[in-house]
Amino acid sequence: MELDFFYNTLRYLNSMLRGDKMELDAILGKYEECKKYHVDDKVSGYLYYVDEKRNYVQPSFENVKTNNKISTLNPKFMLFSAPGAVGKSSLAKHIANRFGALYWDLAEVKVGTNSFAGSILSAVGASKYSKFIGDLSLGKVLLTIDAFDEAEIISGRRMLGDFLKDISECLDVGKTPSVLLFSRTETAQFIASFCADNSIPLIHYEIGFFDDSRAIKFVESFVKNKDKDLTKADDDCINEYYHFIKDNIPVAEQKRFLGYAPVLQAIAQQIFGSPNRQKLKNELSGKKDCASIIVSIMESLLRRERDKKVIPALKKKWSEQYPEFEDWEKLYSDEEQLVRIVYYILFGDTEYSNYTIENFPVPMIEDYQEALSKFLPQHPYLGNDFNEKVSDTKTNFVGPAFRDYTMAQLLLKSGLDELVKMYLGELKGRAYTPSKLLFDCYCHLSEGTVQSNHITHIYDSFRAKATAMEKPYLQCSEFGAEEKSYAVIFGMLNQDKLVEVEEVEMALGVVGSSLEFEQVVNLSIDTPSLSVKLGRKGDEMRITNSSIICKEIIWGSKDVTIESYSPEGCLLVSYHSMSGEHPIFEIVSKEELKVCAPNINQYSHLVGYKYDFEETDDLDIMKFIYALRCILMEFRAHKKDTLAKTTERIENVIVGGSKIKQKVLEYLKYSGIVYPSAHLLKINEEMLKKKGIFFSAVTRMNTKELIQVYDDFNGWLKVDDKSDLKI
């Protein structure tokens, strides 16, 4: 189904301007204590008042402005966005508690058409429904609606859009928005662009990171929430330890790392669980990057739990009963602790059988089981503070940093990634939204290699780093003829300055013969020897501004939404027939949408976008950029070296018999972008820039940014005597 209108988050993103720094009190200055209604128990799992007051430390805020048609005059909605795990839910509950607003957790309910009115009707009853909606329009009642990012995964963008329209249609225009929305950055960009396209006035704020003073205050607040009184010595320790870490990481990373709530939670646990504060600093000595510091903190907590609590207690207990036992190093290892923690969260048990120890004496198992039942529930990784529900137990990880460090470790342990899948499945994995620390820890622990069966979660975590002005992307490339190798690049583009904010290159370890992605957003996959499975059974699959060139596309989902916007568009090339589910396609936008597959005629919704990717006579801009990418990315592989490769490899392996690649390579040589040096071909980076070729644009297949060099290439093709051309 094609829509008469569509929302383009990329256009909205391109229209955004830096706003003013603001304080929360200024943002909320016009709000007063709300009128409260009785809420029926049947909706209490997701719609309720927040009675518990918590210590809340304000981060920075920025008013996000745009130069497009979105209206901020008499806004119906106030939107708060932030990178993953920055504190949106804490803010939503703080506001709900402060003003007596009704808190709505979208992670706990599927939304769509009429779900707003239906839920309110169920909450307050038919007799009070009209009065509630009237009070909401007048600002006498406030709604804080949280977890839009989880709702997008669970319900899909179409249903999310219907939900927003339902709310808007129920409200009269007022001077102050009475509905406050909370979401991760990427979903917030969709919400804002949807409101712009549907003339729904909205005001948008980005939640920032903590500055130094507030970061320190956050650590103090975290401890106070655990009912611990702080002494002057504690305050001095917090300040000293915080600045010690700050002095050991690059200046450019300080704000994003030490201003990030999950990191501060980990620091708080580290400080107040250790009596030897000098030892803490010694353990971090020599750690010069954020990932190594967070891993060091997490490992230290595990080591201390083992060496200072569990093992001494067992030695004391077993000294007389089992004096011959000496294999202490086998007990309560880091791996064992992490596995047992996940089982305890999932099932609430501490059974020895959850992690058996090789050659452990059978008579000692019962005693060890007794020790586990006492120590495990008190583990520093566990708590009731983390707002993510698992089954019926209230116990969970103390915060996202602890969860995502554990996930990274277990993903990389042989045979334990299935436990991770079990945990994510219990979370109804569709709503699992990792923090950026999963990416950071995984990269650090994996030593530069990402496994193909992990890549969808690792990319989701990388996307969680994005702020309001940033756009994440992923490129996966194949190299070699007979012996294949694969590399991935995780990139973050600043839309404001059009520069790369971050770029991480890793090797790709292929498990099986395919890549699997649950969602495809800003992806560029070029793996002609691998199949690519898109989506998961029972879930909605979304493809947004991505190119996939592979051996075979396997559809894993029956519901597929395609959003193809210029200038990148969507290019789907399956050299073999597409297989798997036979999806119902919803084409939200068809700009630059091209699909090539031998059996495309079997997919009625895609036939209109049929494209001959192999046709060499029609060398359009998409084929030109693809050939350009294949050649240039080969030079860029292992880019710590000079941008040079052997002539034989470039001409015989990368270009080979492809007429399109041959023409593009000839053009690059003539233009001086590629030049010979002995047995090598090298890149002239100055000439690359002069011609307007940037790796980020090539990676994203950006036709707008590369139209200049494409036109130059066409001019070169049309001139028989190339000596007349000016470089």
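This text goes with the structure placed above it.
Once a new chain begins, its residue numbering starts again from 1 and follows that chain's sequence as written. This being a predicted model, a pLDDT of at least 70 is required before a residue's local features are given, and a value of 80 or more before pairs of side-chain atoms are given or counted; all residues contribute to the totals for chains, interfaces and linings. Excluding hydrogens and water, the side-chain figures rest on all heavy atoms present in the structure.

How would you explain the sheet that holds strand 24 (residues 584–590) if you had to name every residue and give the values?
Read from one edge of the open sheet, four strands run 17-19-21-24, paired in parallel fashion. Single-partner strands in this sheet number two, and they are strand 17 (520–521) and strand 24. Any two strands with at least two DSSP bridges between them are considered paired. Under the scheme used here, helices are H or I runs from DSSP no shorter than 4 residues and strands are E runs no shorter than 2 residues, and both carry numbers assigned from the N terminus.

Run through unusual backbone geometry, naming residues and quoting values.
The amide bond that connects Ser566 to the next residue, Pro567, takes the cis arrangement and shows omega of 10°. Its place among the elements puts Pro567 in the loop between strand 21 (559–564) and strand 22 (570–574). A positive phi angle, near 55°, is found at Ser199, a position not held by glycine. For Ser199, the location among the structural elements is in the loop between helix 8 (185–197) and strand 9 (202–207). Note on Ser199: relative accessible area 66%, which makes it exposed. Relative accessibility thresholds used throughout: buried, under 20% of the residue-type maximum; exposed, over 50%; partly exposed, between the two (1.4 Å probe, protein chains only).

Which residues make up the sheet that holds strand 27 (residues 674–677), and what values do they have?
Across a sheet, paired strands are connected by hydrogen bonds in the backbone, their directions being either parallel or antiparallel. Here three strands make up an open sheet; going across it, the order is 26-28-27 and the pairing antiparallel. In the strand order of this sheet, the two ends are held by strand 26 (644–646) and strand 27, each with one partner. Between one strand axis and the next, the sheet turns through 30° on average, direction left out of account. Pairing of strand 26 with strand 28 (residues 680–683), which is carried by three bridges, proceeds in the antiparallel orientation. Paired with Ala644 across the strands is Lys682, a residue of strand 28. Between the N-to-C directions of two axes lies an angle of 0 to 180 degrees, each axis being a line fitted to C-alpha atoms and, for a helix, fitted only over the stretch in contact.

Give me the lowdown on the side chain of Arg463, citing residues and values where you can.
Secondary-structure assignment places Arg463 in helix 20 (residues 455–463). On the basis of relative accessibility, which here comes to 13%, the residue Arg463 falls in the buried class. Within the structure, Arg463 has its side chain in polar contact with the side chain of Asp460 (distance 3.1 Å). Two residues qualify as a contact provided that any one of their heavy atoms is within 4.5 Å of a heavy atom in the partner residue. If near-sequence neighbours (up to four positions away) are discounted, Arg463 is found in contact with Glu186, Pro472, Val521 and Arg542. For this analysis, a polar contact is any N or O atom pair within 3.5 Å, provided that within protein one partner can donate a hydrogen and the other can accept it, and provided that sequence-adjacent residues contribute only side-chain to side-chain pairs.

Describe the packing of helix 14 (residues 290–318) against helix 15 (residues 334–347), listing the residues and the values that go with them.
Packing of helix 14 against helix 15 brings their axes to within 10 Å, and their N-to-C directions diverge by 100°. Considering their axes alone, helix 14 and helix 15 lie roughly perpendicular with respect to each other. Counted together, Leu302, Arg303, Glu305 and Arg306 of helix 14 and Asp334, Gln337 and Leu338 of helix 15 form the full contact between these two elements. Following the grouping adopted for this structure description, the nonpolar residues are Ala, Val, Leu, Ile, Met, Phe, Trp, Tyr, Cys and Pro, the charged ones are Asp, Glu, Lys and Arg, and the polar ones are all others, Gly among them. Tallied by class, residues from the contact of helix 14 with helix 15 come to two nonpolar, one polar and four charged. Our angle categories are set so that under 35 degrees counts as roughly parallel, over 145 as roughly antiparallel, 65 to 115 as roughly perpendicular, and the remainder as oblique.

So what about a negative patch on the surface? Which residues, and what values?
Together, Asp612, Glu614, Asp617 and Asp618 make up a region of like negative charge exposed at the surface. If you trace the backbone, Asp612 turns up in the loop between strand 25 (593–596) and helix 21 (621–636). Two distance rules govern patches: like charges are joined within 9 Å, and nonpolar side chains (Val, Leu, Ile, Met, Phe, Trp, Tyr) within 5 Å, applied only to residues with over 30% relative accessible area and no salt bridge. What sets the accessible areas is the Shrake-Rupley method with a 1.4 Å probe; for residues, cover comes only from the shown protein chains. When a carboxyl oxygen of Asp or Glu is within 4 Å of a side-chain nitrogen of Lys or Arg, the pair counts as a salt bridge. Charge assignment in this entry is limited to Lys and Arg as positive and Asp and Glu as negative, and neither His nor the chain termini are counted. Charge placement uses NZ in Lys and CZ in Arg. For Asp and Glu, CG and CD serve respectively.

I'd like a rundown of the pairing of strand 18 (residues 523–534), residues and numbers included.
With nine of 12 residues buried, strand 18 is to be regarded as a mostly interior element. Here four bridges tie strand 16 (residues 514–517) to strand 18, and the two strands are oriented parallel to one another. Bridging from a neighbouring strand, Ser514 pairs with Ser531 of strand 18. Two strands pair when backbone bridges link them, and strand 18 and strand 20 (residues 547–555) are joined in this way by eight bridges, in the parallel orientation. Residue pairing across strands places Ser531 opposite Glu552, the latter belonging to strand 20.

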